[in-house]
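Architecture and fold: a report
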Amino acid sequence: MSFQNTISFARELDSKDPLRRFRNKFFIPRHNGKDCIYLTGNSLGLQAKTTSQYVQQELDDWATMGVEAHFKEKNPWMPYHESFPKLLSKIVGCKETEVVVMNQLTVNLHLLMVTFYRPTKMRYKIICEAKAFPSDQYAFESQVKYHGFDPAGAVIEISPKEGEHTIRTDDILSAIQQHGESIALILFGGVNYYTGQVFDMSAITEAAQRAGAFCGFDLAHAAGNVELKMHEWNVDFACWCSYKYLNSGPGGVGGVYIHEKHATNTHLPRFAGWWGYTKETRFKMEKGFEAIPTAEGWQISNAPVLSLAAHKASLDIFEEAGIDNLHEKRKLLSGYLHYLLNDINSRQAEKVLEIITPADEKERGCQVSMLMLKRGKEIFNELTNQGVIADWREPNVIRVAPVPLYNSFEDVWRFGDILHSLID
Ligand SMILES: *Cc1c(COP(=O)(O)O)cnc(C)c1O
């Protein structure tokens, strides 16, 4: 599509947008009496207007039924989490038996490493991206130490080439080949949180398995953002949080995918708890753990129903909008944003910002990361003053992520317009 840098063009795109009515299903934060331009759905997704109803329902049932609400007629708590795989399997691309909602992201990362990172003297390395999200770095470091290895030699980070910002797939694949039989686990983000780069998950998984290693992905910035085919790509496991693109609210419950070839293997080592125990006999409360032969077999505690209720409110909206439709709009929205930023740059005598997110549509999702070449922090602060909610990352990167559920093309244009006026 050939874009134009005018508000009328942006409004025309909005009028043709089949998902435009979904914006009204969310609360948009306000600034000086007007809607903010909210571009941080990659950090904390907005609240659906139905969220309070979903949560209130469970509070009411708790008030009126107490413990009996575990077996009530509407949304009984006992199997409450069981309605999620149907919705989440479409978002991460897997079978329903391969997904479970539980705990939170970093906790799940540790639990999955208990199963999938079991280093030996020969095979002990973890291959990951340089500049992985800090929590993931700490998880790798502490797991490696826990098993008695030195992170300096056991955690291998793949970096961009000198002078580049994103990591070349070829460099990832050749590192995997080079470290070969010493690799226990390959664990990348699906999308890097800093640059917004989408990794080639299919190619990385294939190379990992050729090297005889397990391969997992942290989908925090990928779930609800980009197309995912966990099962088809043969990924061993993945985990994600639900409060970013999936709008479940601060600290919302996390999600886990485990390929069925592992999920059905009840002998795989894990940290167990009663909620992972075979349902038919769980309440006999007997000795000897017997795992559910699905991803549910990794559950430890009973499900956090209030947090799940908030998550469900948003997932029902995803279902109504249709994940494929969301991907269509996402491509157009981020395409428009890239066009506007390039247009702003071309109007200046000197380049004022550098987009460090890949230009190739297959290598990016909603997020665009801009390296500010001068006055970065000042421009960021002024954006905030003018009602743009974006995100600042040291030393000088501004991240923005228009999301297809509630951002409009006009949001994107207005952001570009304000940014342009601040740069001029
Ligand atoms: C947001 C994010 C986290 C946060 O972890 P929590 O356990 O949810 O606090 C971890 N890893 C990545 C890659 C993230 O993007």
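Only a predicted model underlies this, so the values are computations on that prediction, with no experimental measurement involved. (Residues numbered from 1 in each chain as written. Predicted model: local features only at pLDDT ≥ 70, side-chain atom pairs only at ≥ 80, totals over all residues. Heavy atoms only, no water.)

1. A few points about the side chain of Ser 334
We count it as follows: Here a helix means four or more residues in a row that DSSP labels H or I, a strand means two or more in a row labelled E, and each is numbered from the N terminus. In protein, a polar contact means a hydrogen-donor-capable atom and an acceptor-capable atom, both N or O and within 3.5 Å, with residues adjacent in sequence counting only if both atoms are side-chain atoms; elsewhere, any N or O pair within 3.5 Å suffices. Contacts are assigned to residue pairs that have any heavy atoms within 4.5 Å of one another.
As for its placement among the helices and strands, Ser 334 is situated in helix 11 (residues 323-346). Side chain to side chain, Ser 334 and Arg 364 meet in a polar contact 2.8 Å long. When neighbours within four sequence positions are excluded, Ser 334 is seen to be in contact with Arg 364, Gly 365 and Cys 366.

2. Remarks on the sheet that holds strand 7 (residues 183-189)
Keep this limit in mind: Strand pairing is assigned whenever DSSP detects at least two bridges linking the two strands. Angles here are taken between N-to-C directions and fall from 0 to 180 degrees, while the axes themselves are lines fitted to C-alpha atoms, restricted in helices to the stretch in contact.
Read from one edge to the other, the open sheet built from seven strands follows the order 4-10-9-8-7-5-6, with strand pairing classed as mixed. On the outer flanks of this sheet lie strand 4 (99-101) and strand 6 (155-158), each paired with one strand and no other. Neighbour-to-neighbour, the strand axes of the sheet open up by a mean angle of 20°, direction not taken into account. Direction of pairing for strand 9 (residues 237-240) relative to strand 10 (residues 255-258): antiparallel, over a ladder of four bridges. Directly across from Cys 239, in strand 10, lies its bridge partner Val 256. Along the sheet face, helix 3 (residues 84-92) touches strand 4 and strand 9 and points at about 115° away from the line of strand 4. Running at roughly 155° to strand 8 (residues 214-218), helix 8 (residues 201-210) makes contact with strand 7 and strand 8 of the sheet.

3. Brief notes about the site of the ligand
Note the following rule: Note on terminology: near, applied to a residue and a molecule or strand, indicates that one of the residue's heavy atoms is within 4 Å of it. Only the protein chains shown count as cover for residues, and the accessible areas themselves come from Shrake-Rupley with a 1.4 Å probe. Residue classes follow a fixed rule: Ala, Val, Leu, Ile, Met, Phe, Trp, Tyr, Cys and Pro count as nonpolar, while Asp, Glu, Lys and Arg count as charged, and any other residue, Gly among them, counts as polar.
Taken together, Leu 105, Thr 106, Phe 133, Asp 136, Asp 218, Ala 220, His 221, Tyr 243 and Lys 244 make up all the residues around the ligand. Here an oxygen atom of the ligand sits 2.5 Å away from a polar atom, N or O, in the side chain of Lys 244. Notes on the ligand: free accessible area 390 Å², of which the protein chains cover 82%. Looking at the shell around the ligand residue by residue, the class counts come to four nonpolar, two polar and three charged.

4. Remarks on the domain arrangement of the protein chain
Which entries qualify depends on this criterion: Throughout, the edges of the domains are those of an automatic or database domain assignment. For salt bridges, the criterion is a side-chain nitrogen of Lys or Arg within 4 Å of an Asp or Glu carboxyl oxygen.
Under the domain assignment, the protein chain is made up of domain 1 (7-47 + 322-423) and domain 2 (55-320). Here the C-alpha centre of domain 2 lies 29 Å away from the C-alpha centre of domain 1. Taken residue by residue, the interface counts 37 residues in domain 1 and 25 residues in domain 2. Our count for the domain 1 to domain 2 interface comes out at four salt bridges. Between the two partners, domain 1 and domain 2, sit 19 residue pairs in polar contact (both at pLDDT 80 or more). When contributions to the side of domain 1 that touches domain 2 are tallied by element, the ones reaching two or more residues are helix 11, strand 12 (368-372) and strand 15 (397-400). Broken down by element, the side of domain 1 that touches domain 2 gets its largest block of residues, five residues, from helix 11.

5. Here's the deal with the pairing of strand 9
Spelled out, the test is: Per-residue accessibility, obtained with a 1.4 Å probe over protein chains only, is compared with the maximum for each type, and a residue is labelled buried under 20%, exposed over 50%, and partly exposed between these values.
Of the two faces of strand 9, the one holding Phe 237 and Cys 239 and the one holding Ala 238 and Trp 240 are both buried throughout. Sheet topology places strand 8 next to strand 9; three bridges connect them, and they run parallel. Residue pairing across strands places Asp 218 opposite Cys 239, the latter belonging to strand 9.

6. Examining the packing of aromatic side chains
Formally: When two rings of Phe, Tyr or Trp (its six-membered ring) have centres within 6.5 Å they constitute a pair, described as stacked for plane angles under 30 degrees, edge-to-face for angles over 60, and tilted for the intermediate range.
Considering all chains together, one arrives at 18 aromatic pairs under this definition. Here Phe 9 and Tyr 336 contribute two aromatic rings whose centre-to-centre distance is 5.9 Å and whose plane-to-plane angle is 50°, an arrangement assigned as tilted. You can see Phe 9 sitting in helix 1 (residues 7-15) and its partner Tyr 336 sitting in helix 11, a full 327 residues away along the chain. This pair shows no difference in class: Phe 9 is buried, exactly as Tyr 336 is. Judged by centre distance (6.0 Å) and plane angle (70°), the ring pair of Tyr 277 and Phe 289 falls under edge-to-face. Of this pair, Tyr 277 sits in the loop between helix 9 (260-263) and helix 10 (305-321) while Phe 289 sits in the loop between helix 9 and helix 10; the two residues are 12 residues apart in sequence, bridging distant segments of the chain.

7. Overview of the packing of helix 12 (residues 376-385) against helix 13 (residues 409-423)
The condition is simple: Angle categories: roughly parallel below 35 degrees, roughly antiparallel above 145, roughly perpendicular from 65 to 115, and oblique for all the rest. Here a crossing is taken to be left-handed if its near helix is turned anticlockwise relative to the far helix by less than a right angle, and right-handed if that turn runs clockwise.
The geometry of helix 12 relative to helix 13 is characterised by a closest axis approach of 10 Å and an angle of 135° between their N-to-C directions. Compared by their axis directions, helix 12 and helix 13 come out oblique. The element helix 12 and its partner helix 13 pack so that their crossing is right-handed. Every residue of helix 13 that contacts helix 12 at Ile 379, Glu 382 and Leu 383 is listed here: Phe 415, Ile 418, Leu 419, Leu 422 and Ile 423. Taken together, the residues that form the contact of helix 12 with helix 13 break down as seven nonpolar, no polar and one charged.

8. Digging into the sheet that holds strand 12
Taken in spatial order, the four strands line up as 11-12-15-14 in an open sheet, and their pairing is antiparallel. Edge positions in the open sheet fall to strand 11 (353-355) and strand 14 (391-393), since each of these has one partner strand only. If you compare each strand with its neighbour and ignore which way they point, the axes differ by 30° on average. Across three bridges, the pairing between strand 11 and strand 12 is antiparallel.

9. A word on helix 10
As a reminder of what qualifies: Each residue after the first adds 1.5 Å to the expected span of a helix.
Helix length check: helix 10, at 17 residues, gives a terminal C-alpha distance of 24 Å against a target of 24 Å (1.5 Å per residue), a fit within 8%. For helix 10, a buried count of 12 out of 17 residues is recorded, marking the element as mostly surrounded by other parts of the structure. Looking only at helix 10, the buried set comprises Val 305, Leu 308, Ala 309, Ala 310, His 311, Lys 312, Ala 313, Ser 314, Leu 315, Ile 317, Phe 318 and Ala 321. For helix 10, the elements touching its buried residues are helix 2 (51-65), helix 3, strand 4 and helix 11. Count one or two residues on from helix 10 and you reach Gly 322, which has phi positive near 90°.

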